[in-house]
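Each chain, written out:
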Amino acid sequence: MEVNKAFWLFPPRLVVLVSTTDKLGNYNVAPHSEFINLYGDKHLLISVSKDHDTYANIEETREFVIGIPPISIAKAISIAGKSFPKGVSEFEKASLTPLKADKVKAPLIKECIANFECELEKRIADVGETSLFLGRIVATHYNEKEVTDEISTRMNTKAILSVSKGKIFTTINKETVDTKISPYKV
Ligand SMILES: Cc1cc2nc3c(=O)[nH]c(=O)nc-3n(C[C@H](O)[C@H](O)[C@H](O)COP(=O)(O)O)c2cc1C
């Protein structure tokens with residue numbers, strides 16, 4: 001497939017982890033970079049492929065958790081991006097730790113700098129093979145050591161930005177990690 005290099009002009013996007021559960025209580029976690037924090041800080045928007053377990057779980061439970069991972073767990077991001085068969089826990093495969101949330105059944109991700117518990121407000125639209133899910137934030141958790149005053153938090157964040165192919169990541173300070181792990185296929 002021909003690469004449209006014009007897309008390389010877009011800045012790296014924030015990578016979040018989306019954690020969900022099915023109605024039997026099986027946990028799921030997957031990286032997502034099509035993500036927007038909407039004006040007002042009350043809603044988060046994600047785009048999810050319809051053939052993903054994340055999609056099925058959100059449709060089933062109408063809840064999800066968005067975690068902001070630090071670059072120190074870049075490898076776990078690439079591993080969680082692989083498509084494991086349903087029933088296989090990405091939490092185990094990627095050595096991530098689920099923690100009980102306050103208001104939703106989907107788990108928090110212990111290794112994340114912050115976790116936002118969300119209830120599904122609306123499935124906004126279907127766009128090709130994906131759907132846009134609007135989550136209403138019902139609880140927030142964050143690591144106070146990593147979230148200090150506004151300017152240093154924004155400029156020194158260890159939050160991961162996606163650079164290339166789900167395996168090269170950076171931070172706003174240009175700390176860069178090539179996990180050498182190709183996601184998407186096991
Ligand atoms: C850095 C990165 C960003 C990704 N962003 C998205 C995204 O925004 N939307 C999406 O549907 N899949 C995205 N993916 C792919 C899913 O994470 C991947 O297909 C995963 O296996 C889906 O898992 P699930 O079936 O458990 O939901 C991304 C993968 C990586 C590595």
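Note that the coordinates shown come from a computational prediction; the quantities given were computed from them, not determined experimentally.

So, how was this worked out
Counting of residues starts from 1 at the beginning of each chain's written sequence and follows it residue by residue. Selection of residues for local features in this predicted model requires a pLDDT of at least 70, selection of side-chain atom pairs for listing and counting requires 80 or more, and totals for whole chains, interfaces and linings are taken over all residues. The pairing criterion for strands is at least two bridges between them, as found by DSSP. Going along the chain from the N terminus, every DSSP run of H or I of four or more residues is numbered as a helix, and every run of E of two or more is numbered as a strand. Near residues are defined by distance alone, with the backbone-placed C-beta atom required to lie within 6 Å of the molecule or strand. Buried residues are those with 20 or more other C-beta atoms within 10 Å of their own C-beta, exposed residues have 12 or fewer, and partly exposed residues lie in between; C-beta atoms are placed from the backbone. For helices, the axis comes from a line fit to the C-alpha atoms of the stretch in contact; other axes are also lines fit to C-alpha atoms, and the angle between any two N-to-C directions lies between 0 and 180 degrees. By convention in this section, buried Ala, Val, Leu, Ile, Met, Phe, Trp, Tyr and Cys residues joined through C-beta atoms within 7 Å make up a nonpolar core. Placing a C-beta atom from the backbone of each residue, one calls two residues in contact when those atoms lie within 7 Å. This arc corresponds to the set of directions leading from the helix axis out to the C-beta atoms.

J.: Where do I start with the sheet that holds strand E13 (residues 176-178) in this structure?
T.: Whether parallel or antiparallel, the strands of a sheet pair through hydrogen bonds between backbone atoms. Strand order in this open sheet of 4 strands is E1-E11-E12-E13, and the pairing throughout is antiparallel. Lying at the two open borders of the sheet, with one neighbouring strand each, are strand E1 (13-14) and E13. Alignment of strand E11 (residues 161-164) against strand E12 (residues 168-170), held across 3 bridges, turns out to be antiparallel. Each bridged residue has a counterpart across the sheet, and for Leu161 the counterpart in E12 is Thr170.

J.: Is there a simple way to explain the site of the ligand in this structure?
T.: The environment of the ligand is formed by 21 residues, the closest being Glu34, His52, Thr54, Gly81 and Gly166. Elements supplying a minimum of two residues to the shell around the ligand: strand E3 (27-32), strand E5 (43-49) and helix H1 (53-61). A total of 4 residues in the shell around the ligand trace back to one element, the largest contributor, which is E3.

J.: Sorry, what's going on with the pairing of E3 here?
T.: Two faces make up the sheet, and in a regular strand the side chains alternate between them. Within E3, 5 of the 6 residues are buried, which leaves it mostly tucked inside the rest of the structure. Inspection of the sheet shows strand E2 (residues 16-21) paired to E3 by 6 bridges, in the antiparallel sense. Within E3, the position partnered with Thr21 by the bridge is Tyr27. The hairpin turn running from E2 into E3, its antiparallel successor, is 5 residues long, and Gly25 in that turn takes a positive phi close to 95°.

J.: Can you help me understand the sheet that holds E3 in this one?
T.: With antiparallel pairing, the 7 strands of this open sheet are ordered in space as E3-E2-E6-E9-E10-E5-E4. A single partner strand is all that each edge strand has here, and the edge strands are E3 and strand E4 (35-37). Across the sheet, the mean angle from the axis of one strand to that of its neighbour is 30°, orientation sign disregarded.

J.: Hey, could you run me through the pairing of strand E9 (residues 114-127) in this one?
T.: Note: strand E6 (residues 63-68) against E9, 6 bridges, orientation antiparallel. Of the residues in E9, the one forming a bridge with Glu63 is Glu119. Note: E9 against strand E10 (residues 130-142), 12 bridges, orientation antiparallel. Counted as the bridge partner of Cys118 is Ile137 from E10. A loop of 2 residues connects E9 with E10, the two strands running antiparallel in sequence, and Gly128 in this loop sits at a positive phi of about 55°.

J.: Can you help me understand the nonpolar core in this one?
T.: Nonpolar side chains tend toward joint burial in soluble globular proteins. One finds Val65, Ile66, Ile77 and Ala80 to be the most contacted residues of the largest nonpolar core, which totals 35 residues. Secondary structure elements with two or more residues in this core: E2, E3, E5, E6, helix H2 (74-80), strand E8 (108-109) and E9. Sort the elements by how many residues they give to this core and H2 lands first, with 5 residues. The residues touching Ile77, leaving out its near neighbours within four places in the chain, are Val15, Pro31, Pro69, Ile160 and Phe169.

J.: Explain H1 to me, please; I cannot follow it from the model alone.
T.: Residues separated by three or four positions in an α-helix point in the same direction, a consequence of the helix having 3.6 residues per turn. Buried within H1 we find Asp53, Thr54, Asn57 and Ile58. The arc that holds every buried residue of H1, seen down its axis, measures 130°, which confines them to one face. Taken together, the buried residues of H1 touch E2, E3, E5, E6, E9 and E10. Once H1 ends, the next one or two residues include Arg62, with phi positive near 60°.

J.: Quick question: what am I supposed to make of unusual backbone geometry here?
T.: When glycine is set aside, most residues are seen to have a negative phi, and most peptide bonds are trans. Its identity as a non-glycine residue notwithstanding, Arg62 has a phi of 60°, on the positive side. Within the element layout of this structure, Arg62 appears in the loop between H1 and E6. Positioned with a positive phi, Lys165 is a non-glycine residue whose angle comes to about 50°. The class of Lys165 is exposed, set by 11 C-beta atoms lying within 10 Å.

J.: Where do I start with the environment of Val163 in this structure?
T.: Along the chain, Val163 falls in strand E11. Given 18 C-beta atoms within 10 Å, Val163 falls into the partly exposed group. As for Val163 and Trp8, which are separated by 155 residues in sequence, their C-alpha atoms are 9.2 Å apart. Sequence-distant contacts of Val163, defined by excluding residues within four places in its chain, comprise Pro12, Ile168, Phe169, Thr170 and Thr176.

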